[in-house]
Amino acid sequence: MSYFTEEWFNEIIGRAFSYLPAGVGGEILLHGGRFSLTRFANNIIHQNLAREDLSVNIRLIMGKKVGKSSVNQISDDSIRWAVNLALEALRFSPDDPELLDLPEKQQYEPIDSYSKTTAELTPEIRAGLVFKAVEKSVPKKFECAGIVSNGEHFLGIANTNGLIASHKSSSFEFAITVTNNEGGSGWASGGFYDFERVDFDRITERAIRKAELNFNPRELPPGEYTLILEPQAVSDIFSFAAYMGFGAQAYLDGMSFLVGRLGELVFDEKLTIWDDAYSQLNPGLPFDFEGMPRKKVLLVRNGVANSLVHDRKTAKKMNTTSTGHSLPQPNTWGPIPLNIVFNKGNSSLENMIETTEKGLLVTHFHYVNVVEPRKLILTGMTRDGLFLVENGKITSAVKNLRFTESLPKALSKIDLIGSELESCGICVVPALKLNSFNFSSKTEF
Amino acid sequence: MKELFEAALESARLAKASYADIRIINFRLESLVIKNGIVGTIINETTSGAGIRVIKDGAWGFAATNRLERDELAKTARLAVRIAEGSARLIKEKITLAYEPPYIDRWQSGYIIDPFKVPIEKKLELLMKVDELLRKDPRIKVAESTLRFEREEKIFASTEGSYIEQVFTVSGGGFSASAASETEYQTRSYPSSFDGQYAQAGYELIESMDFIGNAERIREEAIALLSAPQCPTGKMDLILEGSQLALQIHESCGHPSELDRVFGYEANYAGTSFLTTEKLRNFKYGSEIVNIVADGTLPLGLATRGYDDDGVRSDRWFLVKDGIWWGYLTNRELAHKIGEQRSRGCNRADGWQNIPIIRMTNISLLPGDWTLNDLIADTDNGILMEVNKSWSIDQRRLNFQFGCEIGRLIKNGKIVGIVKNPTYQGITPEFWGSCDAICNWEYWVPYGVINCGKGEPGQRAEMSHGASPARFRNVNVGIIK
């Protein structure tokens with residue numbers, strides 16, 4: 001029987017459930033797939049790999065007790081052993097008064113995110129793509145580093161209350177850093193489930209163009225600057241708002257910057273944000289990790305904090321319904337949004353630059369982290385192309401700077417929103433021009 | 001089992017690989033988290049699989065599978081060779097491995113009490129007791145206590161004739177209390193943040209940490225931080241306690257000493273390094289009292305092992321000697337690029353499913369001769385920062401900014417109060433150059449890091465950093481005003 005198919009999944013869950021003693025509820029969460037990645041640096045391929053794996057996660061419930069185990073083998077012995085391990089954990093676990101029964105059968109809206117061609121890209125094709133990128137950089141005496149990856153991924157969930165769901169997706173990613181002969185670098189990336197819709201040449205040329213601009217960087221003092229953030233830079237910082245702010249458990253724990261601010265203006269009025277697994281630019285999963293259907297959630301409407309995302313547990317506590325954002329249960333994080341989508345604006349990146357008297361343009365950020373959660377103060381470094389904009393033009397490269405800034409404060413002063421959305425990590429976002437952004441220190445390159 | 005290894009290696013040989021190795025790993029993980037009186041996380045995980053690495057036409061190929069059957073392993077070896085053929089389309093020079101003799105050996109880390117034989121109810125009972133103590137005050141919104149145990153059984157075999165069996169047992173845990181008010185959210189952790197302290201040891205490590213005896217202090221400190229003043233802003237003398245100093249070593253010495261970063265292999269992701277090779281043995285990394293040692297043999301160290309995933313025996317050497325930059329972390333592929341004949345044994349993979357890359361071994365700051373009391377008494381205007389809260393460093397490992405859970409202000413040789421949100425920022429060689437005092441062996445602890453990320457696809461690695469509190473003069477502190 002072929003791996004990573006519905007039929008294969010049904011056979012495994014049938015066996016696993018047959019090992020459960022009477023009176024014990026069970027949930028099987030199975031994920032697995034095949035993944036390949038070609039890694040290059042200094043214009044050569046230096047790592048190149050393929051792997052296949054799976055994980056069968058068994059969660060058992062009896063009364064108010066829960067037990068769990070997982071294995072990556074599907075033989076009878078392995079599944080039976082995992083069931084017994086979960087039963088042992090269940091026997092000794094303390095009662096959880098908040099524990100919910102397993103959900104019943106659900107209806108899902110299908111999401112198309114599988115391309116057989118993409119799933120089956122060969123090492124030769126990946127090497128050919130790297131070769132093309134290197135070919136464009138060598139005449140300029142630049143060096144490339146990056147990845148080309150592809151894979152296919154299966155997720156299935158079923159429980160003894162009759163819920164069953166599965167989803168198959170593919171992935172493709174290309175990321176490239178181009179370094180010029182003075183050490184200045186440029187970066188670009190793109191990814192989608194269908195590799196034919198990724199503009200490989202455009203991404204390569206974008207990174208090369210950045211490297212061409214990134215000579216003789218000027219040293220600028222830290223301080224407040226008008227800031228143009230390219231989409232990846234927006235994603236690098238907003239991802240923290242997603243998992244530190246808009247999850248209902250973070251809110252209940254008192255950690256979210258939205259505590260006491262739901263219904264209030266938290267960002268600029270120009271900004272509207274959803275969590276939307278059905279976005280064509282970044283299709284997600286049709287169900288969450290307890291099998292609930294994903295809903296499109298309006299997180300921010302015209303700058304006003306509108307809603308949080310929920311799993312069944314937080315929904316019950318806050319007297320609402322699950323939005324389909326659960327992580328595998330049980331967990332300490334609670335629900336988190338995984339498919340952030342911003343509204344579009346009407347400005348091109350060129351227009352943002354042309355309308356800037358003095359400001360900085362950021363390609364992306366490095367090593368962003370949370371300094372203080374309640375004000376959502378973040379810190380991080382610029383990377384692979386920080387540029388000074390003066391009188392409507394890029395006038396020079398700038399040595400990298402460290403920012404330390406409250407994200408809600410920075411997003412409360414948006415001048416322009418980009419007219420094109422890009423998929424970057426968990427976010428589909430435009431470029432943004434912010435009136436003010438605080439850089440706190442500098443580095444040497 | 002040996003027939004599985006032979007099937008894979010023979011398949012690689014038949015496909016004309018000039019070198020091949022295979023790692024078969026069985027991994028067991030037990031992780032328990034109690035959050036606010038209920039089970040927050042429960043993990044009982046067992047995984048196994050094989051990773052096969054080959055050199056064909058002078059290039060690397062790697063393939064991995066969870067299916068440990070003879071035919072499947074032979075097929076995976078052929079896939080690794082095909083991948084190497086793809087890599088060979090774009091190389092400048094053929095891979096040359098530094099010499100290492102073949103070993104037939106068995107190595108195992110030590111423990112007194114096997115953590116997997118301790119009943120789960122005993123573990124849960126400890127976590128529930130801690131949880132109860134932490135939540136005695138309603139201002140504590142979140143109490144989390146964690147225990148985690150790992151056992152990795154690994155066999156490495158290569159076409160050079162090595163057959164090495166190793167068993168690693170890791171234990172650890174910790175707890176935290178987070179207090180919240182209308183405007184503040186403050187956390188204290190024990191013995192350090194992000195799930196606590198870890199070592200290659202057994203359950204005796206858990207028993208030695210005295211969770212119960214420290215829970216009430218941690219609770220009260222979290223609550224006190226809600227009304228504590230903000231950390232002052234400006235230049236002050238800074239004393240870092242051991243666990244924060246361990247992370248400072250990790251980020252500003254460990255990562256930049258990885259030779260693959262130095263040669264640009266991580267340029268697209270983790271970054272490169274300011275410690276370029278012309279600096280070797282002539283660059284002033286820190287003050288003369290700064291001596292930093294890499295040690296794959298350190299007792300309790302999370303990176304301690306008999307052999308790395310190149311089949312190289314563990315080593316101990318200086319990275320920084322009397323303040324001068326002295327050495328790198330190397331593997332068999334790159335050692336020759338700095339003129340070394342042998343690898344230092346730093347090639348490690350995250351499980352069977354990843355390709356080995358250069359990872360930190362245990363990296364430690366050698367102790368000085370101060371006591372902490374004397375160090376505080378010798379400081380006129382300073383701050384003692386404890387337990388990491390946030391970390392960030394640029395991609396060449398120069399500009400860093402760290403946040404800690406609690407700061408203790410020092411005036412005229414005495415601690416005069418606590419401050420919230422303490423942060424400090426610096427440039428790596430200037431910072432280490434300002435180190436003027438290090439506490440002695442009595443304070444020296446190998447702090448375990450279990451979540452070090454590197455590589456594409458991302459790999460997790462574990463290592464320890466021995467450190468005792470140390471003082472740094474005239475440091476920028478207090479970023480939040």
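Here, every reference points to the structure presented above.
Heads up: these notes are all about the structure in this document.

Reading the values: the criteria
- Residues numbered from 1 in each chain as written.
- Chains lettered and ligands numbered in written order.
- Predicted model: local features only at pLDDT ≥ 70, side-chain atom pairs only at ≥ 80, totals over all residues.
- Heavy atoms only, no water.
- Helix = DSSP H or I, 4+ residues; strand = E, 2+ residues; numbered from the N terminus.
- Rg over C-alpha atoms; globule rule 2.2 N^0.38 Å.
- Buried < 20%, exposed > 50% of the residue type's maximum accessible area, 1.4 Å probe, protein only.
- Contact = heavy atoms within 4.5 Å.
- Areas by Shrake-Rupley, 256 points an atom, 1.4 Å probe, with all protein chains shown as cover.
- Lys, Arg positive; Asp, Glu negative; His and termini not counted.
- Charge placed at Lys NZ, Arg CZ, Asp CG, Glu CD.
- Core = buried A, V, L, I, M, F, W, Y, C linked by side-chain atoms within 4.5 Å.
- Polar contact = N/O pair within 3.5 Å; in protein donor to acceptor, adjacent residues only side chain to side chain.
- Disulfide = S-S within 2.5 Å.
- Pairing = 2+ DSSP bridges.
- Salt bridge = Lys/Arg side-chain N within 4 Å of Asp/Glu carboxyl O.
- Nonpolar A, V, L, I, M, F, W, Y, C, P; charged D, E, K, R; others polar.
- Axes fitted to C-alpha atoms, helices over the stretch in contact; angles between N-to-C directions.
- Parallel < 35°, antiparallel > 145°, perpendicular 65-115°, else oblique.
- Left-handed = near helix turned anticlockwise from the far one by under 90°.

## Thoughts on the overall build of chain A
If you tally the helices and strands in chain A, you get ten helices and 19 strands. The C-alpha atoms of chain A give 24 Å as radius of gyration, which agrees with the globular expectation for 445 residues (22 Å, within 12%). Overall size of chain A, expressed as C-alpha extent along the three principal axes, is 75 × 55 × 35 Å. Here chain A holds 445 residues, and the buried ones make up 64% of them. Counting only contacts in chain A whose residues sit at least 6 apart along the sequence, the fraction spanning at least 24 positions is 71%. Summed over its atoms, the accessible surface of chain A is roughly 16100 Å², and 49% of this surface lies on carbon and sulfur atoms. Taking the average place of the 46 positive charges on the side chains of chain A and the average place of its 53 negative ones, the gap between the two points comes to 3 Å.

## Focus on the overall build of chain B
Along the backbone of chain B there are nine helices and 23 strands. For 481 residues, the compact-globule estimate of 2.2 N^0.38 gives 23 Å, and chain B sits close to it at 24 Å. The dimensions of chain B, computed from C-alpha atoms along their principal axes, are 70 × 55 × 35 Å. Split into buried and exposed, the 481 residues of chain B put 68% on the buried side. Taking as baseline every contact in chain B between residues at least 6 positions apart, the subset at least 24 positions apart corresponds to 75%. Accessible surface, chain B as shown: approximately 16300 Å² in total, 50% of it carbon and sulfur. Side chains of chain B carry 58 positive and 64 negative charges; the gap between the two charge centres is 3 Å.

## Let's talk about the nonpolar core
In terms of nonpolar packing, the biggest core is built from 61 residues, with Tyr285, Leu319 and Tyr424 of chain B touching the most fellow members. With residues up to four places along the chain from it excluded, the contact list for tyrosine 424 of chain B reads Leu238, Leu240, Gln244, Gln248, Met385, Phe400, Gln401, Phe402, Phe431, Val475, Asn476 and Val477 of chain B. In this structure, Met255, Phe342, Leu360 and Leu401 of chain A belong to the second largest nonpolar core, which totals 57 residues.

## Section: the side chain of histidine 465 of chain B
All names here are of chain B. Looking at where histidine 465 falls in the secondary structure, it is placed in strand S22 (residues 459-467). Within the structure, histidine 465 has its side chain in polar contact with the backbone oxygen of isoleucine 363 (distance 2.8 Å). Leave out the neighbours within four places in its chain, and histidine 465 touches Ala246, Ile249, His250, Met360, Ile363, Ser364, Val445, Pro446, Tyr447 and Val449.

## Here's the deal with the state of the cysteines
This model, assessed by the stated rule, comprises zero disulfides over all chains. With no disulfide of its own, cysteine 424 of chain A has cysteine 427 of chain A as its nearest cysteine by sulfur position, at a separation of 7.7 Å. The class for cysteine 424 of chain A is buried, based on a relative accessible area of 4%. Considering cysteine sulfurs only, cysteine 346 of chain B is the nearest to cysteine 452 of chain B, which forms no disulfide, with 13 Å between them.

## Points about the sheet that holds strand S12 (residues 324-325) of chain B
What links the strands of a sheet is backbone hydrogen bonding, and the strands pair in either a parallel or an antiparallel sense. Residues and elements named next belong to chain B. The antiparallel open sheet is built from four strands, whose spatial order is S12-S11-S10-S15. With one partner strand each, in any of the chains shown, S12 and strand S15 (362-365) form the two edges of the open sheet. Strand direction decides the pairing type here: strand S10 (residues 292-295) and strand S11 (residues 316-321), joined by four bridges, are antiparallel. Across the sheet, isoleucine 292 pairs through a bridge with valine 320, a residue of S11.

## Topic: the interface of chain B and chain A
Each partner contributes to the interface: chain B provides 81 residues, whereas chain A provides 88 residues. Linking chain B to chain A there are six salt bridges. Note that glutamate 143 of chain A and lysine 92 of chain B form a salt bridge whose closest N and O atoms lie 3.6 Å from each other. Seen at the junction of chain B and chain A, the total is 48 residue pairs in polar contact (both at pLDDT 80 or more). Among the elements that take part in the side of chain B that touches chain A, strand S2 (residues 38-56) of chain B stands out by supplying ten residues, more than any other. Class assignment of the residues belonging to the side of chain B that touches chain A gives a composition of 35 nonpolar, 27 polar and 19 charged.

## Some remarks on the packing of helix H1 (residues 2-14) of chain B against helix H2 (residues 70-87) of chain B
All names here are of chain B. Put simply, H1 and H2 touch, their axes get as near as 8 Å, and they point 30 degrees apart. The angle between H1 and H2 places the two elements in the roughly parallel class. Between H1 and H2 the crossing geometry is right-handed. Contact residues: Glu3, Leu4, Ala7, Ala8, Ser11 and Ala12 in H1; Arg70, Leu73, Ala74, Ala77, Arg78 and Val81 in H2.

## Some thoughts on the pairing of strand S15 (residues 401-406) of chain A
Residue and element names in this part refer to chain A. With respect to burial, S15 is a largely interior element, six of its six residues being buried. Burial along S15 is two-sided: the face carrying Leu401, Phe403 and Glu405 and the face carrying Arg402, Thr404 and Ser406 are both buried. Two strands pair when backbone bridges link them, and strand S13 (residues 377-390) and S15 are joined in this way by five bridges, in the antiparallel orientation. For leucine 378, the partnering residue across the bridge sits in S15 and is glutamate 405. Bridge count between S15 and strand S19 (residues 432-442): three bridges; the pairing is antiparallel. Counted as the bridge partner of phenylalanine 403 is phenylalanine 439 from S19.

## Regarding the sheet that holds strand S9 (residues 297-301) of chain A
All names here are of chain A. Pairing within the open sheet is mixed, and its six strands lie in the order S10-S9-S8-S11-S18-S17. Of all the strands in the sheet, just strand S10 (304-305) and strand S17 (422-424) have a single pairing partner and so form its edges. Strand direction decides the pairing type here: strand S8 (residues 273-275) and S9, joined by three bridges, are antiparallel. If you follow isoleucine 273 over to S9, its bridge partner there is valine 300.

## Here's the deal with the packing of helix H2 (residues 76-92) of chain A against helix H3 (residues 120-134) of chain B
Orientation of H2 of chain A relative to H3 of chain B, taken along the N-to-C sense of each, is 45 degrees, at an axis distance of 9 Å. By the angle between their axes, H2 of chain A is oblique relative to H3 of chain B. The crossing of H2 of chain A and H3 of chain B is right-handed. Where H2 of chain A abuts H3 of chain B, its residues Glu88, Ala89 and Phe92 of chain A lie against Ile120, Glu121 and Leu124 of chain B. Class assignment for the residues of the contact of H2 of chain A with H3 of chain B results in four nonpolar, no polar and two charged.

## Brief notes about unusual backbone geometry
Cis geometry marks the peptide bond from glutamine 329 of chain A to proline 330 of chain A; its omega dihedral reads -10 degrees. Considering the arrangement of structural elements, one finds proline 330 of chain A in the loop between helix H8 (312-317) and strand S11 (340-342). A cis amide bond links glutamate 456 of chain B with the next residue in sequence, proline 457 of chain B, at an omega value of 0 degrees. Its location among the elements puts proline 457 of chain B in the loop between strand S21 (445-454) and S22. In this model, asparagine 391 of chain A sits at a positive phi of 45 degrees, which is unusual for a non-glycine residue. For asparagine 391 of chain A, a relative accessible area of 67% translates into the label exposed. Phi at valine 387 of chain B is positive, roughly 65 degrees, even though this residue is not glycine.

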